[in-house]
Every structure is written in C-alpha cells, then in structure tokens.
Amino acid sequence: MVLNFYLSLHKTDKIMSCSGCSTGRGNHNQNTNGGIPAGCNNNGSCGTGGGCNKLNVFDWLGNMSLPDGQKAFDVIEVRFKNSRKDFFKNTNNLSFNVGDVVAVEASPGHDIGVVSLTGELVRLQMKKKNINFDSEEIKKIYRKAKPQDVDKWKEAQNLEVSSMYKARTIALQLGLQMKLSDVEYQGDKSKAIFYYTADERVDFRELIKVLADEFKVRIEMRQIGARQEAARLGAIGSCGRELCCSTWLTDFRTVSTSAARYQQLSLNPMKLAGQCGKLKCCLNYELDSYQDAIKEFPNVENKRLISQKGEAFLQKTDIFKRTMWWSYTTERDVFIPLSIERVKEVLELNEKGEHPFDLAVIIKEKATAVVKQPDFENVVGQDSLTRFDRKKQSNKNGPHKKHANQNKPNPNNQNKPNPNKPNPNKNNPNNKPQGPRPNQNAKGPQNNTANTNKPNPNRNNNNKNKPRPHPNKGPNKGPENDAPKENP
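What counts as what
Residues numbered from 1 in each chain as written. Predicted model: local features only at pLDDT ≥ 70, side-chain atom pairs only at ≥ 80, totals over all residues. Heavy atoms only, no water. Pairing = 2+ DSSP bridges. Helix = DSSP H or I, 4+ residues; strand = E, 2+ residues; numbered from the N terminus. Axes fitted to C-alpha atoms, helices over the stretch in contact; angles between N-to-C directions. Core = buried A, V, L, I, M, F, W, Y, C linked by side-chain atoms within 4.5 Å. Buried < 20%, exposed > 50% of the residue type's maximum accessible area, 1.4 Å probe, protein only. Arc of directions from axis to C-beta. Contact = heavy atoms within 4.5 Å. Disulfide = S-S within 2.5 Å. Phe/Tyr/Trp six-rings, centres within 6.5 Å; stacked < 30°, edge-to-face > 60°. Lys NZ or Arg CZ within 6 Å of the ring centre and 35° of its normal.

Student: If you had to explain the sheet that holds strand 8 (residues 179-185) to someone new, which residues and values would you point to?
Tutor: Taken together, the three strands give an open sheet; going across it, the order is 8-9-10, and neighbouring strands pair in mixed fashion. Taken across any chain shown, the strands that pair with only one partner, and hence form the sheet edges, are strand 8 and strand 10 (218-223). Across the sheet, the axes of successive neighbouring strands diverge by a mean angle of 25 degrees, strand direction being ignored. Where strand 9 (residues 191-197) and strand 10 come together, six bridges link them in parallel fashion. Bridge pairing links Ile-193 to Glu-220 in strand 10.

Student: Tell me about the nonpolar core, and name the residues and values.
Tutor: Core analysis: the largest hydrophobic core is formed by 20 residues, its most contacted members being Met-178, Phe-194, Leu-211, Ile-219 and Met-221. By size, the runner-up hydrophobic cluster in this structure holds 17 residues, among which are Ala-312, Ile-319, Tyr-328 and Val-343.

Student: Which residues make up helix 2 (residues 120-128), and what values do they have?
Tutor: Note that an α-helix has 3.6 residues per turn; residues three or four places apart therefore point the same way. If you check which residues of helix 2 are buried, you get Leu-121, Val-122, Gln-125 and Met-126. When helix 2 is viewed along its axis, its buried side chains cluster within an angular range of 145 degrees and face the same direction. Where helix 2 is buried, its residues meet strand 3 (75-79), strand 4 (85-89) and strand 6 (110-117). Where helix 2 ends, the next residue or the one after it, Asn-130, has phi of about 60 degrees, a positive value.

Student: Tell me about the sheet that holds strand 7 (residues 139-144), and please be specific about residues and values.
Tutor: Read around the closed barrel, the five strands follow the order 3-4-7-5-6; overall the barrel is mixed. Ignoring strand direction, the axes of neighbouring strands in this sheet form an average angle of 55 degrees. Helix 3 (residues 147-158) rests against strand 5 (101-105), strand 6 and strand 7 of the sheet, and its axis sits at about 100 degrees to strand 6.

Student: So what's going on with the state of the cysteines? Residues and values would help.
Tutor: Scanning the model with the defined rule gives zero disulfides in all. In this structure Cys-245 is not part of a disulfide, and its nearest cysteine sulfur, from Cys-281, lies 6.4 Å away.

Student: Before we move on, can you summarise the packing of aromatic side chains with the specific residues and values?
Tutor: Under the counting rule described, the total for this entry stands at six aromatic pairs. Ring centres 6.1 Å apart and planes at 75 degrees place the aromatic pair Phe-80 and Phe-88 in the edge-to-face group. The pair Phe-80 / Phe-88 is uniform in exposure class, with both members buried. Residues Tyr-196 and Phe-204 carry aromatic rings whose centres are separated by 5.7 Å and whose planes lie at 65 degrees to one another, so their mutual orientation is edge-to-face. Residue classification places Tyr-196 among the buried positions, given a relative accessible area of 4%. Sitting above the plane of the Tyr-195 ring, Arg-232 keeps its charged end 3.8 Å from the centroid.

Structure (structure tokens):
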C-alpha cells in the first residue's frame with residue numbers, strides 16, 4: 001500500500017519536475033524527440049534568459065554603463081537544477097553573459113551551472129540575502145564549460161530519475177518515514193544530493209551506506225519543507241498560473257487563518273490550501289489593503305442596533321461596497337443593508353438612549369432619489385439599439401411601390417388634353433391615328449411609304465374577321481370596298 005503511494009508520487013513528480021533541458025537552462029521533460037524537449041519544444045533556448053520562469057531576475061541595470069574608472073562587480077550568480085542558486089567569484093575577470101554554461105568550484109570536484117545574473121544587480125541580491133562580499137565561503141568560477149563537461153553533465157542528469165526510484169524503494173525497505181522528492185547529481189558525477197521531507201526526525205545513516213554502495217557516489221541528504229518542495233518541483237496553481245514560490249517568491253512568510261478572516265473568506269481548507277498543503281502565500285498579498293479598509297468600519301463586536309421595531313445584529317460586511325448587513329432578532333432571514341454612516345448614526349443614538357423608528361430609513365430615501373440625466377448629447381446619431389430587431393414588411397402580396405405608382409393617375413400631369421384644341425382622333429371610332437403605318441417586322445431598311453393594298457396582320461384589332469375600310473380615299477378602290485358600310 002505504501003509502495004503504491006510512492007509510485008503515485010513518482011508519476012506526479014514526472015509531470016511537474018525533470019532534470020533540465022539540453023542546455024540545462026529549463027525545467028523540461030526528459031522525453032525528447034530528436035533532441036527537442038517534449039516540455040516546451042524550444043531545445044533549451046529559453047527567451048527568458050533563465051529558463052522556464054525558475055526564479056528569473058530581470059536585470060534593469062543591464063542597459064546602463066558603469067562610470068569611467070569603475071570595475072564591474074566580480075561576483076556572478078549561477079543557477080543549478082530547479083531553484084538552487086549560489087554566488088561565485090570571477091577571479092580571472094572572464095566575460096560571462098546570462099545563459100552561459102560554466103564550470104564552478106564544488107566540494108568535492110566541480111559542478112556545472114548556468115549564469116543567471118551578472119553586474120551590479122548581483123551586489124543588491126547579495127545585500128538582500130545578507131551575504132558578505134569578501135566572505136571566504138564564496139567559491140570561485142573556473143571557466144566556461146567545455147563540450148566534454150557538458151556531455152558528462154547530461155549523463156549525470158539522465159541518472160537522476162532512476163536513482164530516485166531506487167532510493168524510494170530502499171527507504172521503504174528500511175522502514176523510514178520520509179519522502180524523497182528530488183535527486184540532483186553534481187556536474188562531474190562525483191556526488192548526488194537527495195532532497196526529502198519528513199514530519200519527524202529521521203535516522204538515515206543506514207540509508208546513506210546503502211545508497212553509496214548502490215550508486216558508487218558520495219551521498220548528501222538535505223531535508224526541506226513542504227513549501228521548498230513545491231518550489232523545487234513546480235506546478236500550476238488554482239489561479240491557472242505557475243506557483244509563486246517556483247517563479248519569483250523567495251522568502252516564505254507565515255500565513256495564518258486570520259488573514260482569511262480579515263478578507264471574509266470561508267475557512268475551507270480545500271480552497272485555502274496550496275499545492276504544498278499549507279495555506280496559500282497569496283493570502284498575504286492584499287491583507288494590508290483589507291486591514292486599512294476595515295479601519296473605516298465601526299467596531300460592533302458584541303453590539304446590537306436597537307430601534308422601535310426591535311434589536312438587530314450583524315450578519316455580514318461588504319468591504320468593497322462599504323455596506324453592513326443587519327437582521328432583526330425576530331426576522332433572521334431578512335437582511336437589511338446599512339451604510340457605514342447610518343450604522344454610526346444609530347450607535348450614537350443608542351448611546352444617548354434614543355431609538356429610531358426603523359434602521360433602513362435612509363436606504364429607502366436614497367432608493368427613491370431622482371436619477372440625474374446626463375448633460376451630454378448623443379453625437380452618434382440618436383440611433384435606437386433595437387433598430388435591427390424590427391422585421392421588414394413583406395411585399396409579396398402586392399406590387400412593388402415603384403411599379404404600383406406607375407399605374408396611378410398623376411394629378412399633376414401636364415399632358416392633359418386641351419378642350420380648346422381640336423383632337424384629330426376624335427372622329428376615329430377605334431381611337432387610332434390616321435394614315436399609313438410602317439411594318440415593324442419587315443427586314444431591311446424601313447420604308448415610310450405604307451402598302452395600301454395589303455392589310456397589316458400585326459395590328460391589334462378586335463374586329464379581325466370584319467372587312468375594314470381602305471385607308472386611302474381615291475379612284476383606286478378595290479371591288480370589295482365599293483359598297484358603303486355602316487359605322488358600328
């Protein structure tokens with residue numbers, strides 16, 4: 001059962017932590033595809049300078065040159081696996097840039113790391129961590145790493161995961177109540193550091209002997225806390241971002257439940273606890289702002305508001321809206337919102353022995369206040385917001401407006417007949433113009449002279465079967481038109 005628990009921990013560690021990418025800058029997965037890490041597929045060339053947001057430092061003094069005659073600070077910050085950092089002296093005055101793989105002094109042998117910070121900002125970092133510049137404990141930096149050093153360093157990194165599995169199995173066999181969370185090999189493969197967490201003191205002398213015989217290296221055991229473990233392994237918090245302790249937070253301050261009470265958060269350990277099992281460090285970020293805002297609220301601890309309707313007790317407080325919610329003892333389900341000024345006023349009246357008629361009088365007066373209209377004009381065009389929701393009228397059942405107007409008589413038409421002017425078509429019963437009409441269907445050039453002897457078949461006449469009079473009145477009449485005919 002315990003073995004299954006450690007195996008589940010191993011699966012989690014494989015997702016959250018690894019030995020580093022090809023250049024040692026990042027915290028990528030070891031499963032590579034053609035030399036490209038499976039974590040972020042950048043082949044180790046992290047654009048952040050430090051790699052995968054592991055305690056990166058922005059050098060805001062990098063674009064500033066030193067005064068004439070002043071030497072650059074001879075201490076360089078070097079980062080190793082995960083969040084382990086250390087300072088080294090540049091005794092040989094070599095030129096290093098952020099991201100360079102360097103060989104540094106170790107105990108014993110040498111170690112391989114990545115330069116994370118140079119220049120005057122290192123002086124400020126050492127001052128912040130209370131490290132003396134001239135201390136003899138500061139080790140030396142040798143040189144930039146050679147290709148042979150980098151190859152040996154990669155071989156050491158490949159042994160870390162398998163070594164952690166074997167060490168956990170050995171710890172279980174020895175019955176030690178400890179959790180091995182991470183293993184880090186030195187760059188020259190001469191030493192291995194095992195990081196573990198435990199609730200009580202652990203006697204691991206026998207464990208060191210077994211591990212030394214198994215791996216043939218020097219063994220060093222380091223006990224870390226739950227927060228340091230989360231900082232080394234890294235994870236994604238409930239906010240969707242990387243953990244603060246693994247990206248930028250270095251000083252772990254105590255977080256108490258009073259911080260949650262000041263911010264009026266429910267004391268639910270499932271929501272307030274982080275990946276490490278402790279209270280989230282972000283509870284302290286806005287604590288000072290809440291404490292300043294609470295100073296404006298009256299102290300109503302063990303106090304009640306007395307009115308003619310009864311006594312009221314405090315239910316909850318809204319710091320953002322500066323509102324306090326009260327309820328009468330007879331109506332506990334009814335919440336009455338009161339402003340801070342109203343609560344102070346009622347408390348002063350109660351101290352004088354006076355009792356107002358109701359607590360929410362001012363709230364009701366403010367609710368009926370007239371809303372002031374804006375004193376600016378709508379320069380957009382006074383358009384309605386629902387103008388696109390109106391349905392267009394369908395014109396399927398009726399004629400189009402454009403064509404419908406053509407059939408209507410126009411009262412303003414100037415082409416009206418003049419009664420004083422004689423109409424040449426007045427005596428024509430069919431109201432047709434007199435004279436010959438050219439044939440429209442004839443091919444070739446048009447002839448203005450009409451054929452009087454041949455009737456026009458294209459004319460639209462209702463009396464098709466009746467003989468029609470010849471249009472020409474002369475001596476050349478046809479025999480069929482000699483007899484006079486009546487006018488219909």
